[in-house]
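A structural walkthrough
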Amino acid sequence: MMGAFAGRWLTKQGGANGALLALLIIAIGMGSALLGSPAMLNTVTNMMTALVGVMAIALFSGNSGALSFGHVAFMALGAQVSATLTMPPALKAQLFPALPDILLHFQANFAVALVLTAILVGLFAFATGLAIVKLSSATIPIATLGLLIIVNSLIIGADGVTRGSQAVYGIPKSVDIFVVSAVAALVTGFIALFKESAAGLALRATREDEAAAAAVGVDVARLRLLAWVLSGAVAAIAGALIAHNLSVFSPKDFYLDLTFSLVVMLIVGGVNSVSGALAGTLVVTVMIEILRRLENGFSLGVVEVPQIFGLTIIGLSLLIMAVLYYRPGGLLGYRELADILSRRSAPVASKPHSVPAQVTQKDAEKHMLRVASVSKVYGGVKALQEVSLEVASGEILGLIGPNGSGKSTLLACISGTQSASSGSIRMDGAELAGLPAFAVAQSGIARNFQSIRLFANLSVLENVLVAVLANDRTATQASARHKAMTLLDRLAIAELAHRRSGDLAYGQQRRVEIARALALDPRFLLLDEPAAGMNEAETGDLLNILGQTMRETSIGLIIVDHDMPLIMRLCHRLVVLNRGSVLAVGAPQEIQNDETVREAYFGRRRSGKGRPITMQQREIIA
Ligand SMILES: Nc1ncnc2c1ncn2[C@@H]1O[C@H](COP(=O)(O)OP(=O)(O)OP(=O)(O)O)[C@@H](O)[C@H]1O
């Protein structure tokens, strides 16, 4: 159990990057303790507490792609809770008159309080996260800002137990440069590990494309909730560190100003990189120190510049605008310290593993996918009307029909990307209609998308790894990598494994998408125009790959394509859709000679209604 857990969490890259960043943080902390002036020591201590807050936001926002303005609320709660847990009862009685007796008399040391604070605020994050993770990446920032405002108001309102808007003082001073450096190093190392873990990788896939991630079996909401809770607990630790460093705080210390500074640090360094979060914190801290000194007025030789009110905040605003304009990905973009030190701007290709020929075990068991009377209505558009079809293991079913006849909609309904308005979709008797896309994928139905939807900023290997890890809970990172490399080798793209998938040529991207779908070990594969945009040679290669896959596995395939020669050569049976209904079903030769199909196409042409028939459609009626 522990072995499997570690196998999914620990990666060489995450470990190396985490260790490097942790060492750097310890070096900065120890360097300032040994060599720095008291003022510098103070600045570095404050920077380390801010760093823990920045890392908390990086954990959620960097991996999920949804920016949070609400984490300072968890910091406020962290400060409040750890102060309450550590202060002497007599002082608590004076400051918090309405505090329940049990809390009044409970007094823990800092280490115990820190753990309890992380757990309690983590539970609060869980409760709030249940709603927040259901929102889209575009609406999460505003919802999290709302959370900050609500928590701030609640803290001020509950003055009997929080001291309201007044300062809480007398908090034991338990934090020095050594404590804060150790905590910051641990937190940063943990977040670097999380980023490369199975959960972190899947979360980064959802950042790139939620629908595509769900289609390979990733439960987006569950992973976002995990990251939200972990990051809430880390933010609470940051708040506790601030309280026990300064010994005093008030709610205004944990509000919009701090939120703005932390978000600036994160964006300046690069929200998608843990090393970037550290770099941003260093750069912005130095800048704040300089601007604060200049804010009170300074001399430029002959010219005396007077006090400039708000210079610090103006400077930070200009900095963030400049970074967003010149380097939208922040100083480090997607790069990590470990990549930079090994001089890799992007990971380089490695030799593929020696791989067995067989990817998926040939399954003796026969599976059936049955679509019965499925309809789909979009507003006033009846995209599908009472469509029924079935496909068996090992069968290749071609789904053809004019543009807009409902082919993509049918694939979307089967895969759970869209929910059918009515009807039933059963695999081996189990109802799939109504299941979310990730559950349909996990039950054994894989798909590609008509317009390619790769996780563009992940490597080719990572694209496939996400799918392997999401569908095999027992897979370790090592075993999943081996399987992913095997699939890439099968698709003849193993040498591209470490390239950023968004940089590949169209035909190569199509192959990555198919490898990613096969990584689910699917019982049925739904391919929507897999040959679109490919030249003749690429289409021929694809045909060979699909043919070989079908020979070696028992996958049932539904393929949509306008490339009639490909459909005719590949498919055992064809279903023709027309205006959302099944027009004909039969062997390719029968369909070619089918009067209804011929009439439907001729009819459309003669009447002049609808779109003109394509060259490929002309072939079917030729
Ligand atoms: N999200 C949507 N909202 C509204 N209407 C939609 C939506 N998706 C598809 N439609 C409509 O449903 C009908 C079927 O579209 P669909 O994309 O399934 O056809 P298709 O056969 O796959 O076409 P093509 O061959 O061009 O890909 C069309 O009239 C289309 O405009």
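Before any of the text, the structure's been laid out above.
Report on the accompanying structure. On a predicted model such as this, the values are computed, not experimentally measured, just so you know.

Counted residue by residue, strand β5 (residues 396-400) has five buried out of five residues, so it is predominantly covered. Taking every second residue as pointing to the same face, both faces of β5 are buried, with Ile396, Gly398 and Ile400 on one and Leu397 and Leu399 on the other. With four bridges connecting them, β5 and strand β11 (residues 573-578) associate as parallel partners. Paired with Ile400 across the bridge in β11 is Val576.

Turning to helix α3 (residues 38-64), a few remarks are in order. Side chains of residues three or four places apart in an α-helix project in the same direction, reflecting 3.6 residues per turn. Taking 1.5 Å per residue, 27 residues should reach 39 Å; α3 reaches 39 Å between its end C-alpha atoms and fits that length. Of all the bends found along α3, the most pronounced is centred on Ala58 and spans about 35°. With 20 of its 27 residues buried, α3 lies for the most part within the structure. Following α3 by one or two positions, Gly65 adopts a phi angle in the positive range, close to 80°.

Turning next to the sheet that holds strand β8 (residues 445-447). Taken together, the six strands give an open sheet; going across it, the order is β8-β9-β10-β5-β11-β12, and neighbouring strands pair in mixed fashion. Sheet topology places β8 and β12 (581-586) at the edges, where each strand pairs with a single neighbour. Each neighbouring strand pair of the sheet contributes to a mean axis angle of 20°, computed without reference to strand direction. Both β11 and β12 contribute to a ladder of five bridges, which runs antiparallel. Across the sheet, Val576 pairs through a bridge with Ala584, a residue of β12. Set on the sheet, helix α18 (residues 407-415) makes contact with β5, β8, β9 (524-528), β10 (556-560) and β11; between it and β9 the angle comes to about 150°.

If you walk across this open sheet you meet the four strands as β4-β3-β6-β7, and the pairing is antiparallel. The outermost strands of the open sheet, each flanked by one partner alone, are β4 (381-392) and β7 (430-431). Of the strand pairs in this sheet, strand β3 (residues 368-378) and strand β6 (residues 422-427) are connected by five bridges, and their pairing is antiparallel. Counted as the bridge partner of Arg370 is Arg426 from β6.

So, how was this worked out
Throughout this description, residue numbers start from 1 for each chain and increase along the sequence as written. Local features in a predicted model are, by the rule used here, given only for residues with pLDDT of at least 70; side-chain atom pairs are given and counted only at 80 or more, and totals for whole chains, interfaces and linings are based on all residues. Counting other C-beta atoms within 10 Å of each residue's C-beta, where C-beta atoms are placed from the backbone, gives the exposure class: buried for 20 or more, exposed for 12 or fewer, partly exposed between. Each helix corresponds to a stretch of at least 4 residues labelled H or I by DSSP, and each strand to a stretch of at least 2 residues labelled E; elements are numbered beginning at the N terminus. By definition, two strands form a pair when at least two bridges between them are found by DSSP. Expected span of a helix: the number of residues minus one, times 1.5 Å. What is called the bend at a residue is the angle between a pair of axes, fitted to the seven residues leading up to and ending at it and to the seven starting from it. Between N-to-C directions, angles cover 0 to 180 degrees, with each direction set by a line fitted to C-alpha atoms, over the stretch in contact for helices. A pair of residues counts as a contact when their C-beta atoms, built from backbone coordinates, are within 7 Å of each other.

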